[in-house]
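# A structural walkthrough
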Amino acid sequence: QVQLVESGGGLVQAGGSLRLSCAASGRTLSPYVMGWFRRAPGNEREFVAALPWAGGSTRYAESVKGRFAISRDYATNMVYLQMNSLKPEDTGVYYCAAKPRRSFDYEYWGQGTQVTVSS
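Please read these numbers as outputs of a predicted model, since none were measured by experiment. (Residues numbered from 1 in each chain as written. Predicted model: local features only at pLDDT ≥ 70, side-chain atom pairs only at ≥ 80, totals over all residues. Heavy atoms only, no water.)

Let us now look at the pattern of salt bridges. Tallying each qualifying case throughout the model produces four salt bridges. Note that aspartate 90 is salt-bridged to arginine 38, the shortest N-O span being 2.9 Å. One end of the pair, aspartate 90, is in the loop between strand 8 (78–83) and strand 9 (92–100); the other, arginine 38, is in strand 4 (residues 32–39), and 52 residues separate them in sequence. For arginine 38, a relative accessible area of 5% corresponds to the buried category. For aspartate 90, the salt bridge identified is with arginine 67, shortest N-O distance 2.8 Å. Taken together, the residues span a long stretch of sequence, with aspartate 90 in the loop between strand 8 and strand 9 and arginine 67 in the loop between strand 6 (59–60) and strand 7 (68–73) at a distance of 23 residues. Each of the two residues, aspartate 90 as well as arginine 67, counts as buried. When salt bridges that share partners are traced, they join Arg38, Glu46, Arg67 and Asp90 into one network. (Salt bridge = Lys/Arg side-chain N within 4 Å of Asp/Glu carboxyl O. Helix = DSSP H or I, 4+ residues; strand = E, 2+ residues; numbered from the N terminus. Buried < 20%, exposed > 50% of the residue type's maximum accessible area, 1.4 Å probe, protein only.)

What follows is the structure in structure tokens.
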């Protein structure tokens, strides 16, 4: 089992920045890919960014490339999502997730943190 707890959401004006944090615990994370997803009101959950915990290429949704950055801290088992130049369409609940590297589906999810970007 992997437990994930997000924090750092809030209300920000368009053009502003937020950094989301995800505290991971439960088992070693080296076999996992860590991801961020979001769900906007009335929409399905969508992929935002992903990073193999043990190293490798990051991936981003086209809509956030150049504005968001995913990172992790080995010492504290934290995963971060730095969000810059925020837009109202970035509003939603953001979820941290984890999946085994060879798996297609994410198996572990946090409870989510709300991000609201005002225009």
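Attention now goes to the state of the cysteines. Throughout the structure, instances matching the rule amount to one disulfide. Bridging cysteine 22 to cysteine 96, the disulfide has an S-S length of 2.1 Å. Between cysteine 22 and cysteine 96 the disulfide shows an S-S torsion of about -80°. By sign, it is left-handed. Taken as a pair, cysteine 22 in strand 3 (residues 18–25) and cysteine 96 in strand 9 lie far apart in primary sequence, 74 residues in all. On the basis of relative accessible area, cysteine 22 is assigned to the buried category, the value being 0%. With relative accessibility at 0%, the residue cysteine 96 sits in the buried group. (Disulfide = S-S within 2.5 Å.)

Before going further, it helps to examine the packing of aromatic side chains. Inspection of every chain in the model, using the stated rule, returns six aromatic pairs. With 6.1 Å between their ring centres and 55° between their planes, tyrosine 106 and tryptophan 109 make a pair best called tilted. Assessed through its relative accessible area of 14%, tyrosine 106 is described here as buried. The rings of Phe37, Phe47, Tyr106 and Trp109 are connected pair by pair, giving a single aromatic cluster. Here the basic side chain of arginine 19 rests over the ring of tyrosine 80, its NZ or CZ set 4.1 Å away from the ring centre. If you follow arginine 45 out to its NZ or CZ, it ends over the ring of tryptophan 109, 3.7 Å from the centre. (Phe/Tyr/Trp six-rings, centres within 6.5 Å; stacked < 30°, edge-to-face > 60°. Lys NZ or Arg CZ within 6 Å of the ring centre and 35° of its normal.)

These figures capture arrangement, not role.
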